[in-house]
Amino acid sequence: MEFSTTNEMSKIWNISPRRISLLCSQGRVEGAVKKGKIWLIPSRVNKPEDPRRMNK
């Protein structure tokens, strides 16, 4: 399994690395693992849904 860092995923998901770290710490990114200070995220995981956005 390949992993990406928060900086790499921020370019793919188009959100800040800090926001990705927050999502990982809340358990909303499936398969994310903290290694020291760095979050390792599976490369093929989908971006979590934003509960603030409602579908009309």
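The structure this text deals with has already been given above.
Below is a summary of the structure that appears in this document. (Residues numbered from 1 in each chain as written. Predicted model: local features only at pLDDT ≥ 70, side-chain atom pairs only at ≥ 80, totals over all residues. Heavy atoms only, no water.)

1. Let's talk about the sheet that holds strand β1 (residues 3–4)
Working definition: the strands of a sheet are paired by backbone hydrogen bonds and lie parallel or antiparallel to each other. As summarised here, the arrangement of the three strands in space is β1-β3-β2, forming an open sheet in which the pairing is antiparallel. Looking at which strands have only one partner, the edges of the open sheet turn out to be β1 and β2 (33–35). Bridge count between β1 and strand β3 (residues 38–42): two bridges; the pairing is antiparallel. Along β3, the bridge assignment pairs Phe-3 with Pro-42. Helix α1 (residues 6–13) rests against β1 and β3 of the sheet, and its axis sits at about 50° to β3. (Pairing = 2+ DSSP bridges. Helix = DSSP H or I, 4+ residues; strand = E, 2+ residues; numbered from the N terminus. Contact = heavy atoms within 4.5 Å. Axes fitted to C-alpha atoms, helices over the stretch in contact; angles between N-to-C directions.)

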